[in-house]
Amino acid sequence: KQEVTQIPAALSVPEGENLVLNCSFTDSAIYNLQWFRQDPGKGLTSLLLIQSSQREQTSGRLNASLDKSSGRSTLYIAASQPGDSATYLCAVCFIGGGSNYKLTFGKGTLLTVNP
Amino acid sequence: EPEVTQTPSHQVTQMGQEVILRCVPISNHLYFYWYRQILGQKVEFLVSFYNNEISEKSEIFDDQFSVERPDGSNFTLKIRSTKLEDSAMYFCTTSGRFLRAVAKNIQYFGAGTRLSVL
């Protein structure tokens, strides 16, 4: 059974700091890994998606890497801002029953960026 | 950019009542999913649906839950008799089938329906 773990559970940093969020998964037979942002009480905003054949993806101040063989991904946020405060979720996509793709999520990292 | 539309955004209901959550998939998408997130917990897979039948369902998806595509466009999740523990955010996702198989594994999320059972 696929399990996704995110470390740390919570992180508080001063504005301007670079930071790294970690995600690990138990079964390396994944098709892609996705990082999401979730604001309190809101839906999911997709930040970056890395296909299994890729090693990293970048969007603005965000960079996500994937090491499929070791079951790890990191999300790097450069020059953090108070507006980055949110919960960041990692999800892996793999084949479920009926040959459909299925997502398994981690519990998330709650990020607080202090002005 | 095409998007998945979910209605209503917030549904309040009394325990024991039936609710129907609706989702309009991205045009030409063929694979449909429901996930839920109880407040403060992980997003969990509920069910996948393809070719008018359930492909897989989780242990959460018991006899109180059902899904269908009644008119070939909307994709609905029905909870027959709601319980307090059904209170959660419900997300619909869809994915397509294109010439390149890689597109099939990218799921697009709706904004979610918050269900509050009183």
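Our subject is the structure listed above.
For clarity, every value in this text was computed on a predicted model and none was experimentally measured.

Thoughts on the overall build of chain B
Right, so step 1: Summing up its helical and strand segments, chain B has zero helices and 11 strands in all.
Right, so step 2: Listed by position from the N terminus, the elements making up chain B come as β-β-β-β-β-β-β-β-β-β-β.
Right, so step 3: A globule of 118 residues ought to have a C-alpha radius of gyration of about 13 Å, and chain B, at 14 Å, matches this closely.
Right, so step 4: With respect to the three principal axes, the spread of C-alpha positions in chain B is 45 × 25 × 25 Å.
Right, so step 5: Within the span of chain B, comprising 118 residues, buried residues form 48% of the whole.
Right, so step 6: Within chain B, counting contacts between residues at least 6 apart in sequence, those at least 24 apart form 56% of the total.
Right, so step 7: When the accessible surface of chain B is split by element, carbon and sulfur atoms take 48% of a total near 6,000 Å².
Right, so step 8: Positive and negative side-chain charges of chain B, numbering 12 and 13 respectively, have mean locations separated by a distance of 4 Å.

Thoughts on the state of the cysteines
Residue and element names in this part refer to chain A.
Right, so step 1: Applying the stated criterion to the full structure yields two disulfides over all chains.
Right, so step 2: Here C23 is linked by a disulfide to C90, with a sulfur-sulfur distance of 1.9 Å. One quick way to see it: the torsion about the S-S bond of C23 and C90 is about -60°, and its sign makes the bridge left-handed. Here C90 lies in strand β9 (residues 86-95) and C23 lies in strand β3 (residues 19-25), a separation of 67 residues in the sequence.

Examining the environment of L115(B)
Residues and elements named next belong to chain B.
Right, so step 1: Its location among the elements puts L115 in strand β11 (residues 113-117).
Right, so step 2: The exposure class of L115 is buried, given its relative accessible area of 1%.
Right, so step 3: Sequence-distant contacts of L115, defined by excluding residues within four places in its chain, comprise Q11, T13, V19, I79, D86, S87, A88 and Y90.

What counts and what doesn't
- Residues numbered from 1 in each chain as written.
- Chains lettered and ligands numbered in written order.
- Predicted model: local features only at pLDDT ≥ 70, side-chain atom pairs only at ≥ 80, totals over all residues.
- Heavy atoms only, no water.
- Helix = DSSP H or I, 4+ residues; strand = E, 2+ residues; numbered from the N terminus.
- Rg over C-alpha atoms; globule rule 2.2 N^0.38 Å.
- Buried < 20%, exposed > 50% of the residue type's maximum accessible area, 1.4 Å probe, protein only.
- Contact = heavy atoms within 4.5 Å.
- Areas by Shrake-Rupley, 256 points an atom, 1.4 Å probe, with all protein chains shown as cover.
- Lys, Arg positive; Asp, Glu negative; His and termini not counted.
- Charge placed at Lys NZ, Arg CZ, Asp CG, Glu CD.
- Disulfide = S-S within 2.5 Å.

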